Each structure stands twice: as structure tokens, then as C-alpha cells.
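Each chain, letter by letter, is given below.
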Amino acid sequence: MRAGDLLRQLDQRLLPRLATAVARLGHSPARPRLLPSVALLSCAAVLLTAVWATDDAPVGDPTVGEVTRVGVANGESIPGYLRAATADLATLPSAAATPGDGTYALVSLSTYLTPQRLAAVVGDVSVAEVFGRVPLPDRQTEIVRLPAQRLPDDVVGAMADLAARKDREATDYRTRAAGTADPELRQVYASGAEVAAAEAAAYRSGCACVYAAVVRAEPAALRGVAARPDVRVVDPAPEVRRLDRTVFTPPLPEQRDVARPPADGGLASPAPTGSTEPATRSPAAVPSAGDSSEPAPTVTDPSHPPSPPAPPATRSPTPPTSMDTTDGSPAASSP
């Protein structure tokens with residue numbers, strides 16, 4: 001019984017009797033001694049009833065504040081992670097022992113795929129989101145976590161939105177570069193403009209930029225996905241119940257030994273005095289899916305775009321890198 005209903009019943013039953021008793025006591029010579037006792041007992045009864053009813057209140061969500069991590073952490077061995085994930089998939093209980101909607105799993109790819117190719121690889125299982133980045137050689141590019149229930153349409157649409165945002169970022173970097181007299185900061189902004197412009201062009205063309213996906217399926221279907229071409233490993237995560245409280249960190253296709261923060265070769269040392277060599281590199285072309293590249297420092301959910309670049313006074317020549325972040329985004333993070 002809810003607390004409000006119980007207290008209303010007490011009011012209906014007790015108050016008339018208490019009123020009658022008080023009226024009688026008003027004409028009794030024992031009034032000075034009995035009135036305080038009756039009032040005290042009445043208050044105690046109401047208080048105990050309220051406490052008892054509160055104990056039966058429903059408990060809130062016990063998972064508040066908890067974060068589940070799936071993937072390879074910074075500094076861990078990638079071959080070791082691949083072996084562990086493969087073993088977990090092989091021993092995953094049958095469908096009868098799993099929830100009705102199946103088990104969440106992180107699918108890491110052995111190469112970067114276009115949205116259309118991704119649909120051919122994992123399109124027959126339920127997809128929740130994908131991870132992507134533009135694989136520019138020796139440059140840090142932003143890792144993005146994209147909601148994608150319909151393949152390839154959702155990914156294509158998200159890439160178009162990313163291209164528009166990257167165009168704005170490139171324009172902002174160019175404005176900042178033109179507005180600073182510090183040659184070191186000018187180099188940082190010019191490099192950022194190069195990368196953002198290259199990312200915009202790649203996403204606009206529907207590039208081979210997707211390298212992982214979060215899916216949900218029965219164990220037998222997950223094992224089938226693991227055996228397909230272009231799939232590196234399927235890491236089952238039966239412990240995942242809510243994606244908004246899960247951080248996924250899939251390895252990038254070019255990572256082979258240890259997950260580690262990358263270095264950005266685009267920020268070259270300033271040229272010596274008198275040298276005619278430029279301080280920054282020329283824009284790099286988007287490589288094919290098999291070319292080597294380095295991961296971006298953060299994972300971004302495109303529904304929560306990152307803040308504009310920091311003002312020159314707080315921007316360092318070599319941006320710090322982080323292999324694991326929590327959101328949004330998806331967040332989430334990626335090595």
C-alpha cells in the first residue's frame with residue numbers, strides 16, 4: 001500500500017475517534033494530564049506509519065554512476081586482447097541463456113570500410129553505432145562515434161554532417177592563424193586547418209573511414225560475424241545493459257602491438273633562420289584503407305560537437321593526447 005493511501009485511511013479512522021476523545025476530556029477533571037499524552041501518542045503513531053511506508057518505496061536505478069568499458073585499454077597488448085575476445089566469444093552461452101534481444105558486442109575491423117561495405121559485412125545483425133575516423137598518414141584525426149541503426153543511410157547522413165562541421169573548423173583555424181603574430185601558434189592553427197579541410201573532403205566523398213561497430217545479436221549470429229572477411233575480432237559484452245553508460249575502445253586497424261597515444265608528424269619543428277623550407281607540411285591526401293595512420297586523441301559524439309579551439313594563450317604547440325575519454329562521448333572513447 002502506498003504511503004499516501006495509508007495515511008488517508010488513518011485520517012478517516014483515527015481522527016473522528018480522537019475528536020470524540022478530546023471532547024470528552026474537555027469535560028473531565030483529568031484534562032491537564034491526559035491531553036498531552038493523547039497528543040504525543042497520536043503524533044508517534046503517524047510518524048511510525050510514515051516511516052514504515054517509506055521503507056516500501058521503490059529503489060532507484062542501481063546502475064547510476066557505473067561505467068562499463070569494452071575494448072583494449074591504453075598500454076595493453078593488442079594481440080592479448082584479440083585472444084581474450086576470441087575466447088570469450090567461443091565460450092559465450094547459447095541463446096537460451098542470454099536476454100531475448102541478444103548480446104551486445106564490439107566488432108573491430110581489420111581495415112577501414114565505406115558505409116556501403118560495412119552494411120555488407122554486418123548488415124544482417126542489429127547495429128547500434130559505429131566508430132570512424134579519416135585515416136590521414138602520420139596525422140591525428142578525430143575519432144567519432146555515430147549512432148547508426150540503418151546501414152548505410154545513417155552513416156552516410158552522419159558523414160555529411162561531419163563534413164559541414166569540419167568545414168567550419170577549418171575556417172575557424174584559418175582565422176585564428178591570420179590573427180596571431182606568434183609563428184609557433186600560427187603553425188599549430190595552419191596544421192589544424194589542413195587536417196580539418198582534409199577530413200571535410202573525405203567525409204563528403206563517403207570515405208572508407210569506419211573501423212568498428214557495436215552490434216546486438218544472439219551468440220550464434222555473433223560467431224558468424226566473426227568469421228566474415230574484414231572482421232578482425234568480435235568482443236562480446238553480455239554485461240552491457242545501457243550504451244550511454246558504456247565506453248568502447250576498439251583497436252584501430254593499423255595498431256598491431258600495444259595501444260598507445262599517437263604522435264602527430266604534422267607539427268614540424270620551426271625552420272632554421274634563413275631556411276627556405278616551410279614550417280608546416282603540405283596537406284596529406286586521404287590514404288587507401290590499408291595505409292598506416294595514427295589515432296585521434298579523443299572520441300566525439302557528433303550530437304555534441306566539440307567546443308571551438310582554445311584561444312592562443314591557452315593552446316600549446318603539441319596538443320595533449322588521450323586514448324580514453326568518457327561523454328558523452330561514446331561517449332565514449334577509443335584508443
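Look a little higher up for the structure.
Residues numbered from 1 in each chain as written. Predicted model: local features only at pLDDT ≥ 70, side-chain atom pairs only at ≥ 80, totals over all residues. Heavy atoms only, no water.

**Remarks on the overall build of the protein chain**
Stage number 1. Counting secondary structure elements, the protein chain contains 7 helices and 8 strands.
Stage number 2. Out of the 335 residues in the protein chain, the part that is buried amounts to 39%.
Stage number 3. If you sum the accessible surface of the protein chain, you get close to 17,300 Å²; carbon and sulfur atoms cover 58% of it. (Helix = DSSP H or I, 4+ residues; strand = E, 2+ residues; numbered from the N terminus. Buried < 20%, exposed > 50% of the residue type's maximum accessible area, 1.4 Å probe, protein only. Areas by Shrake-Rupley, 256 points an atom, 1.4 Å probe, with all protein chains shown as cover.)

**Some thoughts on the environment of V214**
Stage number 1. Mapped onto the secondary structure, V214 falls in strand β5 (residues 210-217).
Stage number 2. V214 sits 66 residues away from A148 along the chain, and the two C-alpha atoms are 9.3 Å apart.
Stage number 3. Dropping the residues within four chain positions of it, V214 is found in contact with Y104, A105, L106, S126, V127, A128, E129, F131, L243 and F248. (Contact = heavy atoms within 4.5 Å.)

**Brief notes about the packing of aromatic side chains**
Stage number 1. Taken as a whole and judged by the stated rule, the model has 3 aromatic pairs.
Stage number 2. Between Y112 and Y211, the ring centres sit 6.0 Å apart and the planes meet at 70°, which makes this aromatic pair edge-to-face. Of the two residues, Y112 sits in strand β2 (residues 103-113) while Y211 sits in strand β5, which places them 99 residues apart along the sequence.
Stage number 3. Given the relative accessible area of 2%, Y112 is considered buried.
Stage number 4. Looking at Y211, the relative accessible area reads 0%, which means it is buried.
Stage number 5. Relative to Y189, the ring of Y173 has its centre 6.3 Å away and its plane inclined at 40°; by these criteria the two rings are tilted. One end of the pair, Y173, is in helix α5 (residues 153-178); the other, Y189, is in helix α6 (residues 183-204), and 16 residues separate them in sequence. (Phe/Tyr/Trp six-rings, centres within 6.5 Å; stacked < 30°, edge-to-face > 60°.)

**Re the state of the cysteines**
Stage number 1. This model, assessed by the stated rule, comprises 1 disulfide.
Stage number 2. There is a disulfide in this structure between C207 and C209, and the S-S distance comes to 1.9 Å. Judged by the torsion about the S-S bond (-125°), the C207/C209 disulfide is left-handed. Here C207 matches C209 in class, with each residue buried. (Disulfide = S-S within 2.5 Å.)

**Focus on the environment of R216**
Stage number 1. Tracing the backbone shows R216 in strand β5.
Stage number 2. According to the relative accessible area criterion, R216 is partly exposed, its value standing at 23%.
Stage number 3. A sequence separation of 113 residues divides R216 from T103, and the C-alpha atoms of the two residues are 5.2 Å apart.
Stage number 4. Apart from residues lying up to four places away in sequence, R216 is in contact with D101, G102, T103, Y104 and S126.
Stage number 5. A distance of 3.3 Å separates the side chain of R216 from the side chain of Y104, its partner in a polar contact. (Polar contact = N/O pair within 3.5 Å; in protein donor to acceptor, adjacent residues only side chain to side chain.)

**Re the pairing of β2**
Stage number 1. For β2, the buried fraction is high: 10 of the 11 residues fall into the buried class.
Stage number 2. Here 7 bridges tie β2 to β5, and the two strands are oriented antiparallel to one another. By the bridge assignment for β5, A105 is matched with V215.
Stage number 3. Relative to strand β6 (residues 231-236), β2 is paired through 5 bridges, and the arrangement is antiparallel. The partner of V107 across the bridge, within β6, is V234. (Pairing = 2+ DSSP bridges.)

**Describing helix α7 (residues 219-226)**
Stage number 1. Within α7 the residues assigned to the buried category are P219, L222 and V225. End-on view of α7: buried residues confined to an arc of 115°, all on one side of the axis.
Stage number 2. Those residues of α7 that are buried lie in contact with α3 (78-90), β2, α4 (115-122), β5 and β6. (Arc of directions from axis to C-beta.)

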